[in-house]
Amino acid sequence: MIVLTGPTGNIGTELLNLLSAQEDPPPYRVAAHSPERLRARLGRDVPAVAFDYDDRSTWPAVLDGATSLFLLFPLPSPRTVRTRMVPFIDAAVAAGVGHIVYVSVPGAQAGPIVPHNRVEAHLRASGVGYTILRCGFFMQNLCRAVSTHGVDIVERGELFVPAGRGRTVFLDARDVAEAVRIVLQDPAAHAGRTLTLTGPWGLDMDEVAAVLSTALDRPVRYTRPDPFRFAARLLRRGVSWDTVGFMAIVYTLTRWNRNDTFTTTLPELLGRPATTMEEWARDYRPVFDERAWT
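Since the model is a prediction, treat every value here as computed from it, not as a measurement.

Participant: Summarise the pattern of salt bridges; cite the residues concerned and give the values.
Facilitator: Scanning the entire structure with this criterion turns up 18 salt bridges. One salt bridge connects R39 with E36, and the closest N-O pair in it is separated by 2.9 Å. One end of the pair, R39, and the other, E36, are both in helix α2 (residues 35-42), three residues apart, so they sit about a helical turn from each other. Linking R124 and E120 is a salt bridge whose minimum nitrogen-to-oxygen distance equals 3.3 Å. With R124 and E120 both in helix α5 (residues 115-126) and four residues apart, this pair spans about one turn of that helix.

Take a look at the structure:
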């Protein structure tokens, strides 16, 4: 039994799409904050159960009979390492989970200042089989409801992120979901591995705006806001402080050229090239045209 956390996140959404599209998928269970909302979106047959990191009474039903776990860290912070991730990993191991696929970030090895570092360390010390996937910046962040970047792109013709002139190696969550599925098909072959997954090459935000302009058939320009203007606009829209703070950290790292890591690991795992920004933008044009923010 495979358990999926984060079914509405970048990777979780695509992984659930892959599993539900299989003719004979492996047994799986979706740990959802709102199972009814998930079923309303994806269909009544989605095998979803209620899950809340902050309500440990929901954990036993999620982990019952589980053999593998896809683990996502929602809004990472030092506090939630202690209150959510470490206790849940311990509960999973105690419940008999044999392998955990954990989504981390490039640079997690830098030390405890990166919350993912402590989760990675706890996984390694737990004795459970694990595969750590350090994932770069997702292309899907450009059209997520939580980021509101799509609103700026469509309504203002702006790529409004405080990334300066830094470069980012963008990554398609669909590729990562496929990589997760490959790992879950044969966990033993990937046990103990820490893999850094990236897209095919780095882009600065002017180049991203040019790709979006072509694919969406509308002018998009990169406006280089400073972090304060960025935070003020998103907070006025009702984006939470935690989310704005997390994005500000990500874009500050980009300004410092710390998100330009490149590896060939993903195409080697997939057996094909990683998806380019041009390909992704063409595929996702309907999301922007219909304002169907995910």
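Participant: Give me the lowdown on the packing of helix α9 (residues 227-236) against helix α10 (residues 241-255), citing residues and values where you can.
Facilitator: Contact pair α9 / α10: the axes reach a minimum separation of 10 Å and the direction vectors enclose 155°. It follows that α9 is roughly antiparallel to α10 by the angle criterion. Where α9 crosses over α10, the handedness of that crossing is right-handed. Contact with α9, carried on its side by P227, F230, A231, L234 and L235, involves W241, V244, M247, A248, Y251 and R255 of α10 and no other residues of that element. Across the contact of α9 with α10, the residue classes break down as 10 nonpolar, no polar and one charged.

Participant: Tell me about the packing of helix α1 (residues 10-21) against helix α7 (residues 173-185), and name the residues and values.
Facilitator: Two quantities define a packed helix pair, namely the angle between the helix axes and the distance between the axes. Remark: α1 packs on α7, axes separated minimally by 8 Å, with the N-to-C direction vectors making an angle of 60°. By the angle between their directions, the pair α1 and α7 is classed as oblique. Relative to α7, α1 is oriented so that their crossing is right-handed. Residues N10, I11, E14, L15 and L18 of α1 pack against A173, R174, V176, A177, E178, V180 and R181 of α7. In terms of residue class, the contact of α1 with α7 is made up of seven nonpolar, one polar and four charged.

Participant: Before we move on, could you go through the sheet that holds strand β6 (residues 129-135) and cite the residues and values that matter?
Facilitator: An order of β3-β2-β1-β4-β5-β6-β9 is seen for the seven strands of this open sheet, with the pairing classed as parallel. Two strands bound the open sheet, and with one partner strand each, they are β3 (48-50) and β9 (193-197). The average angle at which neighbouring strand axes cross in this sheet is 20°, direction not considered. Bridge count between β6 and β9: five bridges; the pairing is parallel. Each residue of the ladder has a partner; that of R134, found in β9, is T196. This element, α1, spans β1 (2-4), β2 (28-32), β4 (68-71), β5 (99-104) and β6 of the sheet and lies at about 150° to β2. Along the sheet, α7 contacts β1, β4, β5, β6 and β9; its crossing angle with β5, the most-contacted strand, is approximately 160°.

Participant: Before we move on, can you summarise the nonpolar core with the specific residues and values?
Facilitator: Counting 35 residues, the largest nonpolar core has L159, F170, M205, V208, M277 and W280 as its most contacted members. At the level of secondary structure, the elements contributing two or more residues to this core comprise α6 (149-156), α8 (205-216), α9, α10, α12 (277-283) and α13 (285-289). In terms of residues, this core owes the most to one element, α8, which gives seven residues. Aside from chain neighbours lying at most four places away, what touches V208 is L142, L159, F170, L203 and M277. In this structure, V46, L133, V176 and L197 belong to the second largest nonpolar core, which totals 32 residues.

Parameters and conventions
- Throughout, residues of each chain are indexed from 1 in the direction in which the sequence is written.
- Totals for whole chains, interfaces and linings use all residues, but because this is a predicted model, local features are given only for residues with pLDDT of at least 70 and pairs of side-chain atoms are given and counted only at 80 or more.
- Hydrogen atoms and water are omitted, and side-chain values are computed over all heavy atoms in the structure.
- A side-chain nitrogen of Lys or Arg and a carboxyl oxygen of Asp or Glu constitute a salt bridge if their distance falls within 4 Å.
- Helix and strand definitions here come from DSSP, where helices need a minimum of 4 consecutive H or I residues and strands a minimum of 2 consecutive E residues; each element is numbered from the N-terminal end.
- As a rule, the C-alpha atoms of each element are fitted with a line to give its axis, helices using only the stretch in contact, and angles between N-to-C directions run from 0 to 180 degrees.
- Our angle categories are set so that under 35 degrees counts as roughly parallel, over 145 as roughly antiparallel, 65 to 115 as roughly perpendicular, and the remainder as oblique.
- Crossing handedness: left-handed means the near helix sits turned counterclockwise from the far one by under a right angle, and right-handed means the same turn made clockwise.
- In what follows, residue pairs with any heavy atoms lying within 4.5 Å of each other are defined as contacts.
- Gly is placed with the polar residues, together with every amino acid not listed as nonpolar (Ala, Val, Leu, Ile, Met, Phe, Trp, Tyr, Cys and Pro) or charged (Asp, Glu, Lys and Arg).
- Note: two strands are recorded as paired if DSSP finds a minimum of 2 bridges between them.
- Residues enter a nonpolar core if they are buried and are Ala, Val, Leu, Ile, Met, Phe, Trp, Tyr or Cys, with the set joined through side-chain atoms within 4.5 Å.
- Each residue is assigned to one of three classes by its accessible area relative to the maximum for its type, calculated with a 1.4 Å probe on protein chains only: buried under 20%, partly exposed between the two thresholds, exposed over 50%.

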